[in-house]
Amino acid sequence: MNVSMLPVKNITQQLFDYIGSNISEFQFSADFDYEDILKEFPELFGNKGKDTGTWSPMTISLAVLYSIAFILGITGNIFVIAVVAQYKHMRTLTNVFLVNLTVGDLLVALICIPITLGEYVYKEYIFGTVMCKLAPFLQGSAVAVSALSLLFIGINRYFAIHRPLKAKIIFSKRKIYLMLVSVWVLSFSAFVPLLVVNHVQVTDFLSFKKRSCSEGWIRLQYKQFYNVFIFVLLFCIPLFVMVLAYTRIGMTLWGDEGKVFIETSRGHSYQAERILRQRRRTVKMLIAVVSIFCICWLPYYIVNIWIDTNLSDMSSTGFVTTYIYPVLQVLGLSNSVVNPVCYCFMSTGFRKAFLKLCCKRQLTKRGSNALLTIRFRSSEDSPIDSLETAISRDHHDHVITGTLKS
């Protein structure tokens, strides 16, 4: 056996099992000097290896990235929830589902990011059995909540534009609550097996003991089947439906039907154009959110499935699990950070609400100064816009003047 074939990583239980089934401790020790093993693979044996007090460049990079993701993920997602909770005009159907997605992102930022970072820093699992079961369960559930929430948003956008009357029936207030509950129930149910199979494994390797959080499947084929099943059910199918829905929506809003909509709105062409612009902005933001979700999580799940099906090829698997998998895991978890940024940059309503919440203006009374706020909705599916009128009375000539701010 060549030393380069061993994975230099916080080794997974699957790789331990493979080593144990293919080479005995006696054969391993006979081929390699004991001290050489420690020197070559300090990370393999947790805190008993050599030079463990020095972090590798990879660990330092991951620590920085995870720390930034943790801070921004919590701050951004709390702001999204606060904005929708604070301002009634932000409680549109689309935003309700986005808040549902945000709750999942917040759980990932609070629980999954710190624990994942801890595994890379300490080189072994120190968080106990409860978190070993809970963290992967919540991470998987949060990804499923994101996918299903985006799926319902895409279906709603399709019906709102192509079947507006039917959309009001399908997406009534009572049915929306049922949809939200069903998203969480389905997501949690899909990942219940992780609560069963995940456990803290103490592995004796040579004279070392190493703790790792691993999945104890009866057979590796069951794990492979489960991962592929989850990938198809909660990623591929929702993504396929969303691509179809947004393709049809795009053809409608940016095609000839959009022009006909404006031309047939006699006497209300400006209002019709405003509604069309609003719908285009909303769809652009949603397409961006879906695209970011795919960019963040698709590589992670593909590589995860690839590792499960290539454990016997330790030379390539070792490189992937050491250098590629950690980066893709950071990329996936960063989805919880990017979403609030996307809302802020691509949604005028969110951007204004964010600024208003951060720099909340208090009405200062000077003489008889007053501030009048007029709220209006440009369309059924658009957020409520506001028009603020600052009215003041001139004490010299008693003329009321006003300034309009959109």
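What counts, and at which threshold
- Residues numbered from 1 in each chain as written.
- Predicted model: local features only at pLDDT ≥ 70, side-chain atom pairs only at ≥ 80, totals over all residues.
- Heavy atoms only, no water.
- Helix = DSSP H or I, 4+ residues; strand = E, 2+ residues; numbered from the N terminus.
- Buried < 20%, exposed > 50% of the residue type's maximum accessible area, 1.4 Å probe, protein only.
- Contact = heavy atoms within 4.5 Å.
- Areas by Shrake-Rupley, 256 points an atom, 1.4 Å probe, with all protein chains shown as cover.
- Phe/Tyr/Trp six-rings, centres within 6.5 Å; stacked < 30°, edge-to-face > 60°.
- Lys NZ or Arg CZ within 6 Å of the ring centre and 35° of its normal.
- Core = buried A, V, L, I, M, F, W, Y, C linked by side-chain atoms within 4.5 Å.
- Polar contact = N/O pair within 3.5 Å; in protein donor to acceptor, adjacent residues only side chain to side chain.
- Salt bridge = Lys/Arg side-chain N within 4 Å of Asp/Glu carboxyl O.
- Disulfide = S-S within 2.5 Å.
- Axes fitted to C-alpha atoms, helices over the stretch in contact; angles between N-to-C directions.
- Parallel < 35°, antiparallel > 145°, perpendicular 65-115°, else oblique.
- Nonpolar A, V, L, I, M, F, W, Y, C, P; charged D, E, K, R; others polar.
- UniProt positions renumbered as here; feature names shortened; annotations may be inferred.
- Expected span 1.5 Å × (residues − 1).
- Arc of directions from axis to C-beta.

Participant: So what's going on with the overall build of the chain? Residues and values would help.
Facilitator: Helix and strand counts for the chain come out as 15 helices and five strands. In the chain, buried positions account for 45% of the 406 residues. Of the contacts made within the chain by residues no fewer than 6 positions apart, 70% connect residues no fewer than 24 positions apart. When the accessible surface of the chain is split by element, carbon and sulfur atoms take 64% of a total near 21300 Å².

Participant: With reference to specific residues and values, describe the packing of aromatic side chains.
Facilitator: The full count for this structure, using the stated rule, is 19 aromatic pairs. On the numbers, 6.5 Å between centres and 20° between planes, the contact of Y66 with Y120 is stacked. Of this pair, Y66 sits in helix α4 (residues 57–86) while Y120 sits in helix α5 (residues 93–122), and the two are 54 residues apart along the sequence. Side by side, Y66 and Y120 carry an identical accessibility label, which is buried. Taking 5.5 Å as the distance between ring centres and 75° as the angle between the ring planes, the aromatic pair formed by Y125 and F127 counts as edge-to-face. Since its relative accessible area comes to 29%, F127 is described here as partly exposed. One cation-aromatic arrangement involves R219 over Y222; the distance from NZ or CZ to the ring centre is 6.0 Å.

Participant: Lay out the nonpolar core with the relevant residues and their values.
Facilitator: Ranked by internal contacts, the top residues of the largest apolar core, which has 88 residues, are Y66, F191, Y246, W297, Y343 and F350. Filtering out sequence-adjacent residues up to four positions away, Y343 remains in contact with V80, L98, L101, T102, M285, V289 and F350.

Participant: How would you summarise the side chain of Q329 if you had to cite specific residues and measurements?
Facilitator: The residue Q329 is located in helix α13 (residues 314–333) in this model. A distance of 2.9 Å separates a polar atom in the side chain of Q329 from a polar atom in the side chain of Y120. Setting aside anything within four residues of it in sequence, one finds Q329 in contact with Y66, T116, Y120 and Y300.

Participant: How would you explain the pattern of salt bridges if you had to name every residue and give the values?
Facilitator: Enumeration over the complete set of coordinates arrives at two salt bridges. Where K223 meets E215, a salt bridge forms, and the shortest distance between an N and an O atom there is 2.8 Å. The shortest N-O distance in the salt bridge between D308 and K223 comes to 3.8 Å. With D308 in helix α12 (residues 269–309) and K223 in helix α10 (residues 220–253), this pair connects stretches of sequence that are 85 residues apart. Take D308: its relative accessible area is 6%, and that puts it in the buried class. Overall, K223 belongs to the buried group, its relative accessible area being 6%. Salt bridges sharing partners connect three or more residues here, namely E215, K223 and D308.

Participant: Describe in detail the state of the cysteines, supporting the description with residues and values.
Facilitator: In this structure the tally under the stated criterion is one disulfide. Its sulfur unpaired, C294 is 9.4 Å from the next cysteine sulfur, which belongs to C296. Given the relative accessible area of 14%, C294 is considered buried.

Participant: Can you break down the packing of α4 against helix α15 (residues 348–358) residue by residue, with the values?
Facilitator: It is at 10 Å that the axes of α4 and α15 come closest, and there the two elements cross at 90°. By the angle between their directions, the pair α4 and α15 is classed as roughly perpendicular. Judged by residue contacts, F79, V80, A82, V83, V84 and Q86 of α4 engage F350, A353, F354, L357 and C358 from α15. In terms of residue class, the contact of α4 with α15 is built from ten nonpolar, one polar and no charged.

Participant: Give a description of the UniProt feature "transmembrane region" (unreviewed entry) in the chain that names residues and reports values.
Facilitator: The feature "transmembrane region" (unreviewed entry), as given by UniProt, occupies residues 63–85, 97–117, 137–155, 176–197, 225–246, 283–303 and 323–346 in the numbering adopted here. Secondary structure over residues 63–85 splits into 100% helix and 0% strand, and the C-alpha atoms at its two ends are 33 Å apart. Structurally, residues 283–303 comprises 100% helix and 0% strand, and the distance from its first C-alpha atom to its last is 30 Å.

Participant: Which residues make up the environment of F152, and what values do they have?
Facilitator: Mapped onto the secondary structure, F152 falls in helix α6 (residues 128–162). Look past the residues within four positions of F152 in its chain and what remains in contact with it is F97, F171, M179, S182 and V183.

Participant: Break down the environment of L107 for me, citing the residues and quoting the values.
Facilitator: Relative to the assigned elements, L107 resides in helix α5. A sequence separation of 35 residues divides L107 from A142, and the C-alpha atoms of the two residues are 7.4 Å apart. Setting aside residues no more than four positions away along its own chain, L107 makes contact with C112, L138 and W184.

Participant: Account for helix α8 (residues 173–190), naming residues and giving values.
Facilitator: The first and last C-alpha atoms of α8 sit 26 Å apart over 18 residues, in line with the 26 Å expected at 1.5 Å per residue. Among the residues of α8, those classed as buried are I176, M179, L180, V183, W184, S187 and A190. Viewed end-on, α8 has its buried residues packed into an arc of 145°, placing them on one side of the element. Exposed residues lying more than 90 degrees from the buried face of α8 are R174, Y177, L178 and V181. In this structure, the buried side of α8 is in contact with α5, α6, α7 (164–170), α9 (192–197) and α10.

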